[in-house]
Each structure stands twice: as structure tokens, then as C-alpha cells.
Amino acid sequence: HVAPHPAFERREDDLHTELAVSLFTALLGGEAQLTALGGERLRLPIKPGTQPGALLRLKDKGMPHYGKEGR
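Since the model is a prediction, treat every value here as computed from it, not as a measurement.

A. Representation of the overall build of the chain within the structure. The secondary structure content of the chain amounts to one helix and four strands. Helices and strands in the chain line up, N terminus first, as β-β-α-β-β. Projected onto the principal axes, the alpha-carbon positions of the chain cover approximately 40 × 25 × 20 Å. Residue pairs at least 24 apart in sequence account for 23% of intrachain contacts in the chain once pairs closer than 6 positions are excluded.

Next comes the structure, spelled out in C-alpha cells:
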């Protein structure tokens with residue numbers, strides 16, 4: 001069992017969170033910053049024309065596979 005986290009939701013090996021970006025960043029593109037589960041500061045590129053509710057991905061930043069090194 002995994003205890004709930006106030007900012008992240010786990011879905012299998014993926015971590016999900018909501019992030020607010022300004023209207024101008026969503027329209028024109030840019031980047032947003034967020035803090036990963038371990039405290040690491042990450043930069044998330046935002047493509048021009050990003051729609052509300054869009055699912056953006058940071059590869060290899062989800063949950064590790066227990067007993068499988070490098071995954």
C-alpha cells in the first residue's frame with residue numbers, strides 16, 4: 001500500500017500532478033518549473049498553443065520499478 005501524497009497521484013508507474021501556467025505561456029510557448037517527488041527542480045517545456053487540460057510528460061521521472069535497476 002502507498003500513502004497518498006498531497007501533490008502527486010500515482011497511476012501505475014506514472015506520477016500525475018496539476019500545474020497552472022499563464023495564458024501567455026500556453027499560447028506562445030515557454031517553460032514551467034515544478035518540484036519532483038524527491039525535491040528536484042524540473043523544467044517542463046510548454047509548446048505554443050497548449051490547450052487547457054493537456055497532458056504533458058517528463059520522461060523517466062515516474063516511479064522506479066522495484067528490483068529492476070535502471071527502470
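B. Structural detail: the nonpolar core. Listed in full, the six residues of the largest apolar core are Ala 32, Leu 34, Ala 36, Leu 42, Leu 44 and Ile 46. Per-element accounting of this core gives the leading share, three residues, to strand S4 (residues 41-46). Setting aside its immediate chain neighbours within four residues, Leu 34 contacts Leu 19, Glu 40, Arg 41, Leu 42, Leu 44 and Leu 58.

Parameters and conventions
- Residues numbered from 1 in each chain as written.
- Predicted model: local features only at pLDDT ≥ 70, side-chain atom pairs only at ≥ 80, totals over all residues.
- Heavy atoms only, no water.
- Helix = DSSP H or I, 4+ residues; strand = E, 2+ residues; numbered from the N terminus.
- Contact = heavy atoms within 4.5 Å.
- Core = buried A, V, L, I, M, F, W, Y, C linked by side-chain atoms within 4.5 Å.
- Buried < 20%, exposed > 50% of the residue type's maximum accessible area, 1.4 Å probe, protein only.

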